[in-house]
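# Fold and geometry: a report
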Amino acid sequence: MNAARLRKGAAAFVLCAVVAGCAAQQQPNADDATLERVAYRHDGPASLTLYTMINNRTGQGAHTSLMINASERVIFDPAGSFYADVVPERDDVLYGITPGVEKAYRGSHARSTHHVVVQTLEVTPEQAQVAYQLVTDYGRVPGAFCANATSSVLRQIPGLEQIDTTFYPGKLADQFGALPGVETVRYRESDSADLREGLAKNNALLNASE
């Protein structure tokens, strides 16, 4: 790896570490019985949804994750900070992504300092299942490698080979957004800048709804 690429990798690491978007896994790996119990498939079309957390001050990407609606709906949250008592996790994949959990996921990351770019692409069931298999086989991701891991997964899906591997969430969002058929929305909230407060609030809301 040349010096320029090393500097880029270091910059990406510092960026993710500072905003606490890419962190250590919050929960131990769930067992098979737990994952089977919470398995959920959204009744919409097979799809890939790329989340990019954007710093409102700098416009730079802070974290990347990928929701997949395949045989079940999961979120690949590589080195992510999200946790909830009712959302089991295994190797950076979150399971049981009901509409309420998906809302909690977005809401935990959107705050006064950051907003969430949500980009959704309808795909074939076969493409979605390839993505599902790739993320469930990927293993735990080191801190600051969120965009790198996600882009590595996307480029292995048939039809998405043009995606370049990158360490930068914003650059991955630009690539994904350029794909034909992608729908993009920006989700904003104005609550506390402290990510931990958002996580705790949404965890409590999910617990109350059980």
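Residues numbered from 1 in each chain as written. Predicted model: local features only at pLDDT ≥ 70, side-chain atom pairs only at ≥ 80, totals over all residues. Heavy atoms only, no water.

## Here we look at the packing of helix α4 (residues 125-138) against helix α5 (residues 146-154)
Test applied: A fitted line through C-alpha atoms serves as each axis, taken over the contacting stretch for helices, and the angle formed by two N-to-C directions is quoted from 0 to 180°. Under the scheme used here, helices are H or I runs from DSSP no shorter than 4 residues and strands are E runs no shorter than 2 residues, and both carry numbers assigned from the N terminus. Our angle categories are set so that under 35 degrees counts as roughly parallel, over 145 as roughly antiparallel, 65 to 115 as roughly perpendicular, and the remainder as oblique. For any helix crossing, the convention is left-handed if the near helix is rotated counterclockwise from the far helix by under a right angle, and right-handed if that rotation is clockwise. Any pair of residues with heavy atoms lying within 4.5 Å of one another is described as a contacting pair. Each residue is assigned to one class: nonpolar for Ala, Val, Leu, Ile, Met, Phe, Trp, Tyr, Cys and Pro, charged for Asp, Glu, Lys and Arg, and polar for all the others, Gly among them.
With their axes 10 Å apart at the nearest point, α4 and α5 run at an angle of 140 degrees to one another. Classed by the angle they form, the pair α4 and α5 counts as oblique. For the crossing formed where α4 meets α5, the hand is right-handed. From α4, L134, V135 and Y138 reach across to α5, where they touch A149, S152 and V153. When its residues are assigned to classes, the contact of α4 with α5 shows 5 nonpolar, 1 polar and no charged.

## Considerations on the side chain of E102
Our working rule: Exposed residues in this analysis have more than 50% of their type's maximum accessible area, buried residues have under 20%, and partly exposed residues fall in between, with area computed by a 1.4 Å probe over protein chains only. The term polar contact refers here to a pair of N or O atoms within 3.5 Å; inside protein, the definition further demands a hydrogen-donor-capable atom paired with an acceptor-capable atom, and it admits residues adjacent in sequence only when both atoms are side-chain atoms.
Structurally, E102 is set in helix α3 (residues 99-109). For E102, a relative accessible area of 10% corresponds to the buried category. A polar contact of 2.8 Å, which involves the side chain of E102, links it to the side chain of R106. Sequence-distant contacts of E102, that is, excluding residues within four places in its chain, are made with Y51, M67, R73 and I97.

## Comments concerning the pattern of salt bridges
Basically, it comes down to this: By convention in these notes, a salt bridge is any Lys or Arg side-chain nitrogen within 4 Å of a carboxyl oxygen on Asp or Glu.
By the definition in use, this model includes 5 salt bridges. A salt bridge links D91 to R140; the nearest nitrogen and oxygen atoms lie 3.9 Å apart. Linking D91 in the loop between β4 (89-90) and β5 (93-94) with R140 in the loop between α4 and α5, this pair joins segments that are 49 residues apart in sequence.

## Points about the nonpolar core
Stated precisely, the cut-off is as follows: What is meant by a nonpolar core is a set of buried Ala, Val, Leu, Ile, Met, Phe, Trp, Tyr and Cys residues, joined one to another through side-chain atoms within 4.5 Å.
Core analysis: the biggest nonpolar cluster contains 31 residues, and L48, L66, I68, F76, L154, L160 and F176 have the highest contact counts within it. Going through the elements one at a time, α2 (32-38), β1 (47-55), β2 (61-69), β3 (73-76), α4, α5 and α6 (169-177) are the ones with two or more residues in this core. No other element matches the 5 residues that α4 contributes to this core. The contacts of F176, once residues within four sequence positions are left out, are L48, L50, Q119, L121, L154, I163 and V182. In terms of nonpolar packing, the next biggest core, distinct from the first, is built from 19 residues, M53, M67, I75 and V101 among them.

## Brief notes about the packing of aromatic side chains
Note the cut-off: Only the six-membered ring of Trp is used, alongside the rings of Phe and Tyr, when aromatic pairs are assigned; centres must lie within 6.5 Å, and planes under 30 degrees apart are stacked while those over 60 apart are edge-to-face, with the rest tilted. Either the NZ atom of lysine or the CZ atom of arginine qualifies as a charge over a ring when it sits within 6 Å of the ring centre and within 35 degrees of the ring normal.
In this structure the tally under the stated criterion is 4 aromatic pairs. Seen in terms of ring centroids, F76 and Y138 are 5.6 Å apart; in terms of plane orientation they differ by 55 degrees. Their pairing is tilted. Placement of F76 in strand β3 and of Y138 in helix α4 is noted, with a sequence separation of 62 residues between them. Residue classification places F76 among the buried residues on the basis of a relative accessible area of 0%. Put simply, the rings of Y51, F82 and Y105 touch in pairs and so form one group of aromatic residues. Positioned above the aromatic ring of Y187, the side-chain terminus of R106 is 4.5 Å from the ring centre. Lying across the ring of Y168, K171 places its NZ or CZ 4.9 Å from the centre.

## A short note on the confidence of the model for the protein chain
Quick note on the threshold: How sure the predictor is of each residue is captured by pLDDT, a score from 0 to 100.
Chain-level pLDDT for the protein chain is 90 on average; 88% of the residues reach the 70-or-more range. Ignoring residues within four places in sequence, the model shows residues 5-20, a span with pLDDT below 50, making 21 contacts including any to other chains.

## Notes on the pairing of β2
Test applied: Here, any two strands with at least 2 DSSP bridges between them count as paired.
Burial of β2 is extensive: 9 of the 9 residues sit out of reach of the surface. Adjacent in sequence and paired antiparallel, β1 and β2 are bridged by 5 residues, among which G59 carries a positive phi angle near 75 degrees. Alignment of β2 against β3, held across 4 bridges, turns out to be antiparallel. Considered in β3, the bridge of N69 is made with R73.

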